[in-house]
Amino acid sequence: MIETTIHTRAGGTVTVPGTTLETLRQSVSGEVIVSGDGGYDEARAIWNGMIDRRPAVIVACRNTRDVQAAVRFAVEHDLLTTVRGGGHNIAGSAVADGAMMIDLSRMRDVRVDPKRRVARVEGGALLSDVDAATQEHGLAVPLGINSTTGVAGLTLGGGFGWLSRKHGLTVDSLISAEVVTADGRRVVASKDENEDLFWALRGGGGNFGVVTAFEFRLHPVGPEVLSGLIVHPFEDAPSVLRQYRAFTEQAPDDVSVWVVLRKAPPLPFLPEEWHGREVLVLAAFYAGSMEDGEQALQPVRDIGNPIADVIGPHPYTGWQQAFDPLLTPGARNYWKSHDFTELDDGMLDTVLERVAALPSPECEVFIAHLGGATGRISPDATAYPHRATRYIMNVHTRWSDPEGDTPCVKWARELFEAAAPYSTGGVYVNFMPDDEVARIGAAYGPNYDRLVELKQRWDPDNRFRANQNIRPVTEA
């Protein structure tokens, strides 16, 4: 193995001899990959196609000991280090040019204890891994809405999805975490052990260590649920959105209904003449019994004159994958996001005005429906602070040709700025692109100062900085 030049944490470079890298290779059960090795391009590729970065070294870990070895190697040589779980983060923080990547994507084991209703999930697992294992027992963790998302990144940012109104955020079901710290130690964080670290992990992002395993509390769900899509003509959107707002303000916790505004994809249940035209989609889910769900969702099904209504019984795992075809890896993506406590008329009109001029067929705006159990926990109980948020809007631009970069990003930023007066000022950290450093304080809100103190305790040298970074006191 030839020598390799790697970027350091301080911004310089260090040349690591081939023999030194060979020693690292011999110390791990996984692989050490450098440019030119087979599998290098596959290992560095992540979900967002806008991110095309070339790490100097990739340590593809198979277990916690591998992660410890990689972290200690990084400390010894003072290397700039990134951590890859599912590689789904919009900002592309899993990979940096010239850095060392600690890759957990081969650590995807999920073990379920159905009697205790507990799952142990390795740090590289995807949502699909967890859903498949837990649904064998009619159980689930409140996770996200795209099955290829990494559990680690989702959880460390807070995590929300279809089950959140009934069972809370992903972090609200977290029992403990196995963490490799900035000095290469393995520790466990829970309410009984390293409680301060446990608090920080529940919404503070990847700032405090490499989480190699999570232990989650499970909830009875499925295996069949009432869910589906209701598609409305875009011209009816002003009325539909206001009726949607009235419905969600009174909806029980079992109900989650999200809004999607976009050009209609060629879905088999839509008449062909609607393909490619702007539509409003209500994505509905009920977390309780089928019979109760029919009654609870009927008011939202009675809204307007939909083009299609395909709400019905679906396997929970199938519903969790329903949006996967619209979120496949490799496309170019840029997001802007706001939190809201209510959907003001002005905000709705602002969004509709701009959706009428989508810059590409794959661009969309979605509004997630929160509240319920997510809002019945104190903002200081976990690092995730935005407990009063009832709706989250994500302006999701998506395209394939690099020539679309400028118009798509411009459109997203303009919509974001126009909607800002109606927002809380807060933002879900997992929805932040890499150009939003100025919003980090808003992401962590009133918990930011405590997170800075804990960063100083657990990572005083800011080794874990490839994220929406909380800088320690010594760097502030």
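Bear in mind that the values here come from a model prediction, so they are computed numbers and not experimental data. (Residues numbered from 1 in each chain as written. Predicted model: local features only at pLDDT ≥ 70, side-chain atom pairs only at ≥ 80, totals over all residues. Heavy atoms only, no water.)

Chemist: How should the packing of helix H8 (residues 237-250) against helix H11 (residues 345-355) be read in this particular structure?
Modeler: The relative placement of two packed helices comes down to the angle between their axes together with the axis-to-axis distance. At a closest axis distance of 11 Å, the pairing of H8 and H11 adopts a crossing angle of 140°. Judged by the angle between their axes, H8 and H11 are oblique. Crossing handedness for the pair H8 and H11: right-handed. Between H8 and H11, the contacting residues are Ala237, Pro238, Leu241, Arg242 and Arg245 on the first element and Asp345, Leu348, Asp349 and Leu352 on the second. Considering only residue class, the contact of H8 with H11 consists of five nonpolar, no polar and four charged. (Axes fitted to C-alpha atoms, helices over the stretch in contact; angles between N-to-C directions. Helix = DSSP H or I, 4+ residues; strand = E, 2+ residues; numbered from the N terminus. Parallel < 35°, antiparallel > 145°, perpendicular 65-115°, else oblique. Left-handed = near helix turned anticlockwise from the far one by under 90°. Contact = heavy atoms within 4.5 Å. Nonpolar A, V, L, I, M, F, W, Y, C, P; charged D, E, K, R; others polar.)

Chemist: Can you walk me through the sheet that holds strand S3 (residues 31-34) in this structure?
Modeler: Working definition: the strands of a sheet are paired by backbone hydrogen bonds and lie parallel or antiparallel to each other. Taken in spatial order, the four strands line up as S3-S4-S6-S5 in an open sheet, and their pairing is mixed. The open sheet has two free edges, formed respectively by S3 and strand S5 (81-84), since each of these has just one partner strand. Adjacent strand axes in the sheet meet at a mean angle of 20°, parallel and antiparallel pairs treated alike. Alignment of S3 against strand S4 (residues 57-60), held across four bridges, turns out to be antiparallel. By the bridge assignment for S4, isoleucine 33 is matched with isoleucine 58. The strands touched by helix H3 (residues 64-77) within the sheet are S4, S5 and strand S6 (100-103), with S6 carrying the most contacts at an inclination of about 165°. (Pairing = 2+ DSSP bridges.)

Chemist: What am I meant to see in the pattern of salt bridges here?
Modeler: Taken as a whole and judged by the stated rule, the model has 36 salt bridges. Put simply, aspartate 78 and arginine 9 hold a salt bridge, and the shortest N to O gap is 2.8 Å. Here aspartate 78 is found in the loop between H3 and S5, whereas its partner arginine 9 is found in the loop between strand S1 (4-7) and strand S2 (13-16), with 69 residues between them in sequence. Given the relative accessible area of 22%, aspartate 78 is considered partly exposed. Linked through salt bridges whose partners overlap, the residues forming this network are Asp41, Arg44, Asp52 and Arg54. (Salt bridge = Lys/Arg side-chain N within 4 Å of Asp/Glu carboxyl O. Buried < 20%, exposed > 50% of the residue type's maximum accessible area, 1.4 Å probe, protein only.)

Chemist: Explanation requested: unusual backbone geometry in the structure shown.
Modeler: Trans is the prevailing form of peptide bonds, just as negative phi is the prevailing case for residues other than glycine. The linkage connecting glycine 222 with the following residue, proline 223, adopts the cis geometry, with an omega of 10°. Position of proline 223 relative to the elements: it lies in the loop between strand S13 (219-220) and strand S14 (224-233). You will see that asparagine 194, though not glycine, has its phi angle at about 50°, which is positive. With respect to the secondary-structure elements, asparagine 194 resides in the loop between strand S11 (186-190) and helix H7 (195-201).

Chemist: What is the right way to look at the nonpolar core in this model?
Modeler: A general feature of soluble globular proteins is that nonpolar side chains tend to end up buried together. Residues Phe160, Leu201 and Phe208 are the most contacted members of the largest nonpolar core, which totals 77 residues. Examining the composition of this core, we find that five residues originate from one element, H7, more than from any other. Setting aside its immediate chain neighbours within four residues, phenylalanine 160 contacts Leu143, Gly144, Leu154, Leu169, Thr170, Trp258, Ala368, Leu370, Ile392, Tyr428 and Phe431. (Core = buried A, V, L, I, M, F, W, Y, C linked by side-chain atoms within 4.5 Å.)

Chemist: Explain helix H1 (residues 18-27) to me, please; I cannot follow it from the model alone.
Modeler: Counting along an α-helix, one turn takes 3.6 residues, and residues three or four places apart therefore face a common direction. Listing the buried residues of H1 in full gives Gly18, Leu21 and Leu24. Looking straight down H1, one finds its buried side chains confined to an arc of 115°; they lie on one side. The exposed set on the far side of H1, more than 90 degrees from its buried face, consists of Thr19, Thr23 and Gln26. (Arc of directions from axis to C-beta.)

Chemist: Can you help me understand the pairing of strand S7 (residues 110-113) in this one?
Modeler: Walk down a regular strand and you will see the side chains alternate between the two sheet faces. Bridging between S7 and strand S8 (residues 118-122) involves four bridges; their strand directions are antiparallel. Note that in S8 the partner of arginine 111 across the bridge is arginine 120. Hairpin connection, S7 to S8: the antiparallel pair is bridged by four residues, and arginine 117 has positive phi, about 55°.

Chemist: It is not clear to me how the sheet that holds strand S12 (residues 210-217) should be interpreted in this structure. Could you clarify?
Modeler: Judged by pairing direction, the sheet is antiparallel, and its five strands sit side by side in the order S7-S8-S12-S10-S11 without closing on themselves. Across the chains shown, the open sheet's two edge strands, defined by having one partner strand only, are S7 and S11. Mean inter-strand twist for the sheet, computed between neighbouring axes without regard to direction, equals 15°. Pairing between strand S10 (residues 174-180) and S12: six bridges, direction antiparallel. From the neighbouring strand, valine 180 faces S12, where its bridge partner is valine 210. H3 rests against S10, S11 and S12 of the sheet, and its axis sits at about 45° to S10. The sheet strands contacting helix H4 (residues 127-135) are S7 and S8, and the helix crosses S7 at an angle near 30°.

Chemist: Hey, could you run me through the environment of glutamate 76 in this one?
Modeler: Structurally, glutamate 76 can be placed in helix H3. Linking glutamate 76 and aspartate 183, residues 107 residues apart in sequence, is a C-alpha distance of 9.7 Å.

Chemist: What am I meant to see in the packing of H1 against H3 here?
Modeler: Where H1 contacts H3, the axes come no closer than 9 Å and their chain directions differ by 160°. On the basis of their axis angle, the class for H1 and H3 is roughly antiparallel. For the pair H1 and H3, the crossing hand works out as right-handed. Every residue of H3 that contacts H1 at Thr20, Leu21, Leu24 and Ser27 is listed here: Asp66, Ala69, Phe73 and His77. Here the residues of the contact of H1 with H3 are counted per class, giving four nonpolar, three polar and one charged.

Chemist: Explain the packing of aromatic side chains to me, please; I cannot follow it from the model alone.
Modeler: Working definition: an aromatic ring pair is given by the centre-to-centre distance plus the angle between the planes. Considering all chains together, one arrives at 16 aromatic pairs under this definition. Measuring from centroid to centroid gives 6.2 Å for tryptophan 162 and phenylalanine 285, while their planes differ by 35°, and the two rings are tilted. Taken together, the residues tryptophan 162 in the loop between helix H5 (151-157) and helix H6 (164-167) and phenylalanine 285 in strand S16 (residues 278-286) connect sequence positions 123 residues apart. Between tryptophan 258 and phenylalanine 366, the ring centres sit 5.7 Å apart and the planes meet at 20°, which makes this aromatic pair stacked. Within this pair, whereas tryptophan 258 is found in strand S15 (residues 255-263), its partner phenylalanine 366 is found in strand S20 (residues 364-369), the two being separated by 108 residues in sequence. Taken as a pair, tryptophan 258 and phenylalanine 366 share a single burial class, namely buried. The aromatic ring of phenylalanine 416 is capped on one face by lysine 336, whose charged end is 4.2 Å from the ring centroid. Here the basic side chain of arginine 450 rests over the ring of tryptophan 199, its NZ or CZ set 3.9 Å away from the ring centre. (Phe/Tyr/Trp six-rings, centres within 6.5 Å; stacked < 30°, edge-to-face > 60°. Lys NZ or Arg CZ within 6 Å of the ring centre and 35° of its normal.)

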